[in-house]
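# Report on the structure
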Amino acid sequence: MNGFERRKERKKQNILNASLKLFSEYGVQKVSIQEIAKKAQVSQVTIYNYFGGKDELLFETVKKFIYERLDRFRDVVHNDDMDFKNKIRFVIQDKKENILHMDPGFLQTVMRDQPELQELIQTFTEKDAVPLLMELVEQGKAQGYVHPDISFRSIMFYIEMYYQAMRSKEDFFDHSLPELSEEITHMFFYGLMGNQDEHLHKDKE
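Keep in mind that what you see is a predicted model, and the values were worked out from it rather than measured.

A few words on the packing of aromatic side chains. The full count for this structure, using the stated rule, is two aromatic pairs. Arranged with centres 5.7 Å apart and planes meeting at 25°, the rings of Phe84 and Tyr145 form a pair that is stacked. With Phe84 in helix 5 (residues 84-100) and Tyr145 in the loop between helix 7 (115-142) and helix 8 (152-168), the pair connects residues that are 61 residues apart, well separated along the chain.

Turning next to the packing of helix 2 (residues 33-40) against helix 3 (residues 44-51). Viewed as axis vectors pointing N to C, helix 2 and helix 3 meet at an angle of 100°, and their least axial separation amounts to 8 Å. The pairing of helix 2 with helix 3 is recorded here as roughly perpendicular in orientation. Seen from helix 2, the contacting residues are Ile33, Gln34, Ile36 and Ala37; seen from helix 3, they are Gln44, Ile47 and Tyr48. Broken down by class, the residue content of the contact of helix 2 with helix 3 amounts to five nonpolar, two polar and no charged.

This next bit is on the packing of helix 1 (residues 3-26) against helix 3. Relative to each other, helix 1 and helix 3 sit at 100°, their axes nearing to 11 Å. Comparing their axes, helix 3 and helix 1 come out roughly perpendicular. On helix 3, the residues touching Lys8, Lys11, Lys12, Ile15 and Leu16 of helix 1 are Thr46, Ile47, Tyr50 and Phe51. Of the residues in the contact of helix 1 with helix 3, the class split is five nonpolar, one polar and three charged.

What follows is about a positive patch on the surface. On the surface, Arg6, Arg7, Arg10 and Lys11 cluster together into a positively charged patch. The residue Lys11 is located in helix 1 in this model.

Attention shifts here to the nonpolar core. Counting 48 residues, the largest nonpolar core has Ile15, Ile36, Ile47, Leu57, Val62 and Phe106 as its most contacted members. Considering each element in turn, this core owes the most residues, eleven residues, to helix 7. In contact with Ile15, other than residues within four places in its own chain, are Ile36, Ala40, Val42, Thr46, Ile47, Tyr50, Phe51 and Leu57.

Using the criterion set out here, one finds four salt bridges in the structure. Between Arg74 and Asp71 there is a salt bridge; the shortest N-O distance is 2.9 Å. With Arg74 and Asp71 both in helix 4 (residues 54-77) and three residues apart, the pair spans about one turn of that helix. As a salt-bridge pair, Glu138 and Lys141 come within 3.7 Å of each other at their nearest N and O atoms.

Positionally, Tyr162 belongs in helix 8. For the pair Tyr162 and Ile184, spaced 22 residues apart in sequence, the C-alpha to C-alpha distance is 8.4 Å. The residues contacting Tyr162, other than those within four sequence positions of it, are Lys95 and Ile184.

Conventions adopted
- Residues numbered from 1 in each chain as written.
- Predicted model: local features only at pLDDT ≥ 70, side-chain atom pairs only at ≥ 80, totals over all residues.
- Heavy atoms only, no water.
- Phe/Tyr/Trp six-rings, centres within 6.5 Å; stacked < 30°, edge-to-face > 60°.
- Helix = DSSP H or I, 4+ residues; strand = E, 2+ residues; numbered from the N terminus.
- Axes fitted to C-alpha atoms, helices over the stretch in contact; angles between N-to-C directions.
- Parallel < 35°, antiparallel > 145°, perpendicular 65-115°, else oblique.
- Contact = heavy atoms within 4.5 Å.
- Nonpolar A, V, L, I, M, F, W, Y, C, P; charged D, E, K, R; others polar.
- Patch = residues over 30% accessible without salt bridge, like charges linked within 9 Å, V, L, I, M, F, W, Y side chains within 5 Å.
- Areas by Shrake-Rupley, 256 points an atom, 1.4 Å probe, with all protein chains shown as cover.
- Salt bridge = Lys/Arg side-chain N within 4 Å of Asp/Glu carboxyl O.
- Lys, Arg positive; Asp, Glu negative; His and termini not counted.
- Charge placed at Lys NZ, Arg CZ, Asp CG, Glu CD.
- Core = buried A, V, L, I, M, F, W, Y, C linked by side-chain atoms within 4.5 Å.
- Buried < 20%, exposed > 50% of the residue type's maximum accessible area, 1.4 Å probe, protein only.

This is the structure:
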(Lines give C-alpha, C1' and ligand atoms only; values in the text may rest on other atoms or scores of the structure.)
Protein backbone atom coordinates (compact mmCIF):
# COMPACT_ATOMS: atom_id res chain seq x y z
CA MET A 1 0.00 0.00 0.00
CA ASN A 2 1.55 3.30 -1.11
CA GLY A 3 1.26 6.69 0.59
CA PHE A 4 -1.85 7.72 -1.35
CA GLU A 5 -3.65 4.49 -0.53
CA ARG A 6 -2.72 4.78 3.15
CA ARG A 7 -4.10 8.34 3.32
CA LYS A 8 -7.27 7.25 1.56
CA GLU A 9 -7.76 4.33 3.95
CA ARG A 10 -7.09 6.57 6.94
CA LYS A 11 -9.73 9.02 5.73
CA LYS A 12 -12.25 6.19 5.28
CA GLN A 13 -11.62 4.94 8.79
CA ASN A 14 -11.98 8.46 10.19
CA ILE A 15 -15.30 8.82 8.39
CA LEU A 16 -16.56 5.45 9.67
CA ASN A 17 -15.48 6.25 13.24
CA ALA A 18 -17.15 9.64 13.09
CA SER A 19 -20.37 8.25 11.64
CA LEU A 20 -20.57 5.51 14.28
CA LYS A 21 -20.12 8.00 17.10
CA LEU A 22 -22.75 10.38 15.72
CA PHE A 23 -25.24 7.72 14.58
CA SER A 24 -25.03 5.83 17.87
CA GLU A 25 -25.36 8.97 20.00
CA TYR A 26 -28.09 10.84 18.10
CA GLY A 27 -29.75 8.30 15.80
CA VAL A 28 -29.39 7.98 12.04
CA GLN A 29 -32.17 10.38 11.11
CA LYS A 30 -30.78 13.26 13.16
CA VAL A 31 -27.27 13.13 11.71
CA SER A 32 -26.34 14.73 8.40
CA ILE A 33 -23.48 14.05 6.02
CA GLN A 34 -22.32 17.59 6.74
CA GLU A 35 -21.99 16.82 10.46
CA ILE A 36 -20.12 13.59 9.77
CA ALA A 37 -17.76 15.38 7.40
CA LYS A 38 -17.05 18.05 10.00
CA LYS A 39 -16.28 15.50 12.71
CA ALA A 40 -14.11 13.39 10.38
CA GLN A 41 -12.37 16.55 9.09
CA VAL A 42 -13.09 15.76 5.44
CA SER A 43 -15.30 17.31 2.79
CA GLN A 44 -18.81 16.08 2.07
CA VAL A 45 -17.64 15.30 -1.46
CA THR A 46 -15.06 12.90 -0.03
CA ILE A 47 -17.77 11.00 1.83
CA TYR A 48 -19.92 10.72 -1.30
CA ASN A 49 -16.92 9.61 -3.35
CA TYR A 50 -15.97 6.90 -0.86
CA PHE A 51 -19.41 5.64 0.15
CA GLY A 52 -21.98 6.93 -2.34
CA GLY A 53 -24.54 8.16 0.17
CA LYS A 54 -25.84 8.02 3.71
CA ASP A 55 -27.43 4.56 3.45
CA GLU A 56 -24.22 3.06 2.10
CA LEU A 57 -22.22 4.81 4.80
CA LEU A 58 -24.55 3.46 7.47
CA PHE A 59 -24.14 -0.07 6.10
CA GLU A 60 -20.34 0.13 6.14
CA THR A 61 -20.39 1.73 9.60
CA VAL A 62 -22.48 -1.07 11.09
CA LYS A 63 -20.38 -3.70 9.30
CA LYS A 64 -17.17 -2.25 10.74
CA PHE A 65 -18.70 -2.07 14.22
CA ILE A 66 -19.99 -5.65 14.37
CA TYR A 67 -16.77 -7.17 13.04
CA GLU A 68 -14.68 -5.17 15.49
CA ARG A 69 -16.93 -6.49 18.26
CA LEU A 70 -16.46 -9.99 16.86
CA ASP A 71 -12.67 -9.61 17.02
CA ARG A 72 -13.00 -8.50 20.63
CA PHE A 73 -15.23 -11.47 21.42
CA ARG A 74 -12.83 -13.85 19.66
CA ASP A 75 -9.93 -12.58 21.75
CA VAL A 76 -11.93 -13.38 24.90
CA VAL A 77 -13.00 -16.84 23.71
CA HIS A 78 -9.41 -17.75 22.81
CA ASN A 79 -7.90 -16.32 25.99
CA ASP A 80 -6.55 -19.36 27.81
CA ASP A 81 -5.88 -17.32 30.95
CA MET A 82 -9.62 -16.76 31.56
CA ASP A 83 -12.02 -19.46 32.70
CA PHE A 84 -15.54 -19.74 31.34
CA LYS A 85 -17.15 -17.86 34.23
CA ASN A 86 -14.91 -14.82 33.81
CA LYS A 87 -15.39 -14.85 30.06
CA ILE A 88 -19.16 -14.68 30.54
CA ARG A 89 -18.84 -11.85 33.04
CA PHE A 90 -16.73 -9.95 30.51
CA VAL A 91 -19.22 -10.58 27.68
CA ILE A 92 -22.17 -9.36 29.77
CA GLN A 93 -20.40 -6.22 30.94
CA ASP A 94 -18.99 -5.44 27.50
CA LYS A 95 -22.40 -5.80 25.89
CA LYS A 96 -23.99 -3.51 28.46
CA GLU A 97 -21.31 -0.83 28.09
CA ASN A 98 -21.60 -0.84 24.30
CA ILE A 99 -25.37 -0.35 24.35
CA LEU A 100 -25.25 2.15 27.21
CA HIS A 101 -24.07 4.95 24.91
CA MET A 102 -26.29 4.09 21.95
CA ASP A 103 -29.40 5.97 20.91
CA PRO A 104 -32.42 3.60 20.79
CA GLY A 105 -33.30 5.02 17.38
CA PHE A 106 -29.96 3.88 16.03
CA LEU A 107 -30.51 0.33 17.27
CA GLN A 108 -34.02 0.33 15.84
CA THR A 109 -32.68 1.41 12.45
CA VAL A 110 -30.09 -1.36 12.51
CA MET A 111 -32.46 -4.13 13.60
CA ARG A 112 -35.78 -3.18 11.99
CA ASP A 113 -35.80 -0.31 9.53
CA GLN A 114 -33.13 -1.28 7.00
CA PRO A 115 -33.60 -4.60 5.12
CA GLU A 116 -29.97 -4.56 3.93
CA LEU A 117 -28.76 -4.24 7.50
CA GLN A 118 -31.09 -6.99 8.68
CA GLU A 119 -29.60 -9.28 6.05
CA LEU A 120 -26.08 -8.28 7.12
CA ILE A 121 -26.84 -8.98 10.79
CA GLN A 122 -28.48 -12.30 9.97
CA THR A 123 -25.53 -13.48 7.86
CA PHE A 124 -23.04 -12.23 10.43
CA THR A 125 -24.87 -14.01 13.23
CA GLU A 126 -25.12 -17.34 11.43
CA LYS A 127 -21.66 -17.48 9.85
CA ASP A 128 -19.49 -15.64 12.37
CA ALA A 129 -21.02 -14.97 15.78
CA VAL A 130 -22.82 -18.26 16.40
CA PRO A 131 -19.84 -20.55 15.63
CA LEU A 132 -17.73 -18.51 18.05
CA LEU A 133 -20.51 -18.61 20.65
CA MET A 134 -20.72 -22.39 20.29
CA GLU A 135 -16.97 -22.60 20.82
CA LEU A 136 -17.44 -20.72 24.08
CA VAL A 137 -20.32 -23.01 25.08
CA GLU A 138 -18.15 -26.06 24.43
CA GLN A 139 -15.53 -24.56 26.73
CA GLY A 140 -18.24 -24.16 29.36
CA LYS A 141 -19.22 -27.79 28.98
CA ALA A 142 -15.63 -28.94 29.27
CA GLN A 143 -15.15 -26.90 32.46
CA GLY A 144 -18.42 -28.09 33.99
CA TYR A 145 -20.28 -24.77 33.81
CA VAL A 146 -22.71 -25.72 31.01
CA HIS A 147 -24.94 -28.79 31.08
CA PRO A 148 -23.53 -31.35 28.63
CA ASP A 149 -26.98 -32.08 27.16
CA ILE A 150 -27.60 -28.51 25.95
CA SER A 151 -27.79 -28.80 22.15
CA PHE A 152 -26.85 -26.47 19.32
CA ARG A 153 -30.48 -26.58 18.21
CA SER A 154 -31.82 -25.27 21.52
CA ILE A 155 -29.23 -22.47 21.62
CA MET A 156 -30.17 -21.39 18.10
CA PHE A 157 -33.83 -21.41 19.11
CA TYR A 158 -33.08 -19.01 21.96
CA ILE A 159 -31.04 -16.70 19.73
CA GLU A 160 -33.74 -16.64 17.07
CA MET A 161 -36.38 -15.72 19.68
CA TYR A 162 -34.19 -12.82 20.79
CA TYR A 163 -33.82 -11.42 17.27
CA GLN A 164 -37.47 -11.98 16.41
CA ALA A 165 -38.46 -9.93 19.46
CA MET A 166 -36.19 -7.07 18.42
CA ARG A 167 -37.55 -7.11 14.89
CA SER A 168 -41.26 -7.46 15.70
CA LYS A 169 -42.07 -5.84 19.06
CA GLU A 170 -42.89 -2.17 18.52
CA ASP A 171 -41.99 -1.15 22.07
CA PHE A 172 -38.78 -3.21 22.34
CA PHE A 173 -36.55 -0.16 21.94
CA ASP A 174 -38.62 1.98 24.31
CA HIS A 175 -37.23 0.22 27.38
CA SER A 176 -33.92 0.80 29.12
CA LEU A 177 -31.75 -1.09 26.66
CA PRO A 178 -28.52 -1.48 28.65
CA GLU A 179 -30.35 -3.13 31.54
CA LEU A 180 -32.55 -5.21 29.22
CA SER A 181 -29.56 -6.38 27.19
CA GLU A 182 -27.70 -7.30 30.37
CA GLU A 183 -30.69 -9.26 31.67
CA ILE A 184 -31.19 -11.16 28.41
CA THR A 185 -27.50 -12.06 28.11
CA HIS A 186 -27.42 -13.03 31.79
CA MET A 187 -30.49 -15.24 31.35
CA PHE A 188 -28.96 -16.92 28.30
CA PHE A 189 -25.91 -18.04 30.24
CA TYR A 190 -27.31 -18.49 33.75
CA GLY A 191 -31.02 -19.24 33.26
CA LEU A 192 -33.83 -18.13 35.56
CA MET A 193 -31.97 -19.23 38.69
CA GLY A 194 -29.44 -16.44 38.30
CA ASN A 195 -25.70 -16.28 38.83
CA GLN A 196 -25.19 -18.31 41.97
CA ASP A 197 -21.89 -20.18 41.89
CA GLU A 198 -23.44 -23.18 43.58
CA HIS A 199 -25.67 -23.72 40.54
CA LEU A 200 -22.84 -23.56 38.05
CA HIS A 201 -21.31 -26.81 39.18
CA LYS A 202 -24.44 -28.57 40.36
CA ASP A 203 -23.94 -31.45 37.91
CA LYS A 204 -20.41 -32.03 39.14
CA GLU A 205 -21.51 -32.66 42.74
